[in-house]
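Next come the chains, spelled out residue by residue.
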Amino acid sequence: MIPVPFDYTRPSTVEEAVAALGSAEDAKLLAGGQSLLPVLRLRLAAPTVLIDLGAVPGLAGVRVDGDALVIGAMTTHAEVAASDLVREHAPLLAAAAATVGDRQVRHRGTLGGSLAHADPAADLPAVAAALDATYVVQGPAGRRSVPAADFAVDLFTTALDPDEILVEVRLPSTAGWAVHYEKFHRTAQSWAIVGVAAAVRRDNGGIGAARVALTNVGPVPHRARDVETALTGSPATPTAIAEACSRAATGTAPVDDLTASAEYRRELARVLTTRAVCRALGV
Ligand SMILES: Cc1cc2nc3c(=O)[nH]c(=O)nc-3n(C[C@H](O)[C@H](O)[C@H](O)COP(=O)(O)OP(=O)(O)OC[C@H]3O[C@@H](n4cnc5c(N)ncnc54)[C@H](O)[C@@H]3O)c2cc1C
């Protein structure tokens, strides 16, 4: 299908992009286009103007700032997966980014686009939730920070105001943590039926701390706090981990769809969470 006609603008600063967002009734930002262009072609969205972020300097790249790893919104999935800094300070994100789509999608799609799109089946929002990320957004009044737990509000809906841009994501370093991203998907498609992001810190042979978040078991990423509490202080054995992870579906709200029933997703939550934690710890 062919999108409805729209104007196109290519700002050269974040301020110009924010101004362009505020100047039109139904303006849309364009990052890698991997989610937006299909939506336009299906005419599920009909913006009057597209604001291409591709020429705004400083929106892409990875750096360390004090205790935080900072990733620009326009950094592609391929760059995230290959970055030595991300592999060192946020290895869970590097591992999950490598599982997104196919090579073409990873080379065009961006971290910021994935987080702002807020698709419940997308992998990276749950990873950002597990890692306690902070989202830095910019609007007409300047910048503000939004914790990952408050960013995804509902299906395809975030805490971004209509004239705000996600500019960067800040992650506390998890260097040295044991991590694994486990995802169950159809062979022909990489979209997660359910995914689990797990980061675990060993402590005296047991588990000292755990962070677990699930993809596609509700409208927004699900932080499995009950599992985290049960894992913390428990032995790093398959039996103890399985017992703690039996709570993985608590508080989830999965849907029935063409790929899986809600009941099947709840069972996947339990199985995949156990698997993700065991694989992270190598037990
Ligand atoms: C064939 C295929 C397979 C895929 N498989 C997977 C998969 O397995 N796992 C997965 O997680 N994803 C998958 N995706 C989606 C992919 O990750 C997209 O790259 C991502 O969802 C959107 O990123 P983008 O940069 O392309 O954003 P765009 O498509 O350009 O934008 C998406 C939305 O976010 C908004 N937006 C973009 N950037 C910003 C910003 N900085 N601030 C505020 N709003 C912004 C846009 O206005 C738009 O509404 C797949 C996509 C395709 C086409």
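The rules we used
Residues numbered from 1 in each chain as written. Predicted model: local features only at pLDDT ≥ 70, side-chain atom pairs only at ≥ 80, totals over all residues. Heavy atoms only, no water. 1 Å grid on protein atoms, 1.4 Å probe; cavity = no way out; pocket = protein on both sides within 12 Å on 5 of 7 lines; lining within 4 Å. Points joined across faces, edges and corners; volume = space filled by probe spheres on them. Helix = DSSP H or I, 4+ residues; strand = E, 2+ residues; numbered from the N terminus. Nonpolar A, V, L, I, M, F, W, Y, C, P; charged D, E, K, R; others polar. Domains from an automatic or database assignment. Phe/Tyr/Trp six-rings, centres within 6.5 Å; stacked < 30°, edge-to-face > 60°. Buried < 20%, exposed > 50% of the residue type's maximum accessible area, 1.4 Å probe, protein only. Salt bridge = Lys/Arg side-chain N within 4 Å of Asp/Glu carboxyl O.

Engineer: So what's going on with empty space enclosed by the protein? Which residues, and what values?
Structural biologist: Applying the stated criterion across every chain, the model contains three cavities of 30 Å³ or more. Going through the elements one at a time, α8 (124-130), α9 (148-151) and β8 (152-154) are the ones with two or more residues in the lining of the largest cavity. For the lining of the largest cavity, a count of residues per class yields eleven nonpolar, one polar and two charged. Lining the lining of the largest cavity are residues from two domains, each supplying at least three of them: domain 2 (62-172) and domain 3 (181-281). Volume-wise, the second largest cavity comes out at about 40 Å³. Forming the walls of the second largest cavity are Asp119, Pro120, Ala122, Pro125, Ala126, Leu214, Thr215, Asn216, Gly218, Val220 and Pro221. Of all elements in the fold, only α8 and β13 (206-215) reach the threshold of two or more residues within the lining of the second largest cavity. For the lining of the second largest cavity, the class distribution of residues is seven nonpolar, three polar and one charged. Looking at which domains feed residues into the lining of the second largest cavity, each of domain 2 (62-172) and domain 3 (181-281) gives three or more.

Engineer: So, the packing of aromatic side chains: which residues are in play, and what are the values?
Structural biologist: Counted under the stated rule, the structure contains two aromatic pairs. For the ring pair Tyr135 and Phe151, a centre distance of 4.1 Å and an interplane angle of 10° mean the geometry is stacked. Linking Tyr135 in strand β6 (residues 134-139) with Phe151 in helix α9, this pair joins segments that are 16 residues apart in sequence. With respect to burial, Tyr135 and Phe151 carry one shared label: buried. Measuring from ring centre to ring centre gives 6.3 Å for Phe184 and Tyr264, while their planes differ by 70°; the resulting arrangement is edge-to-face. Note that Phe184 is positioned in strand β11 (residues 178-185) and Tyr264 in helix α12 (residues 262-281), a separation of 80 residues in sequence.

Engineer: Got a sec to walk through the pattern of salt bridges? Specific residues and values, please.
Structural biologist: Per the counting criterion, the structure on display carries 16 salt bridges. When the shortest N-O distance is used, the salt bridge between Asp65 and Arg170 registers 2.8 Å. Of this pair, Asp65 sits in strand β4 (residues 62-65) while Arg170 sits in strand β10 (residues 165-172), and the two are 105 residues apart along the sequence. Classification of Asp65 as partly exposed rests on a relative accessible area of 34%. By relative accessible area, which is 23% here, Arg170 ends up partly exposed. One salt bridge in this structure joins Arg225 and Glu228, with 3.8 Å as the shortest N-O distance. You can see Arg225 and its partner Glu228 sitting in helix α10 (residues 225-231), three residues apart, about one turn around the helix. Assessed through its relative accessible area of 7%, Glu228 is described here as buried. A cluster of three or more residues bridged by salt bridges with shared partners is formed by Asp132, Arg211, Arg223, Arg225 and Glu228.

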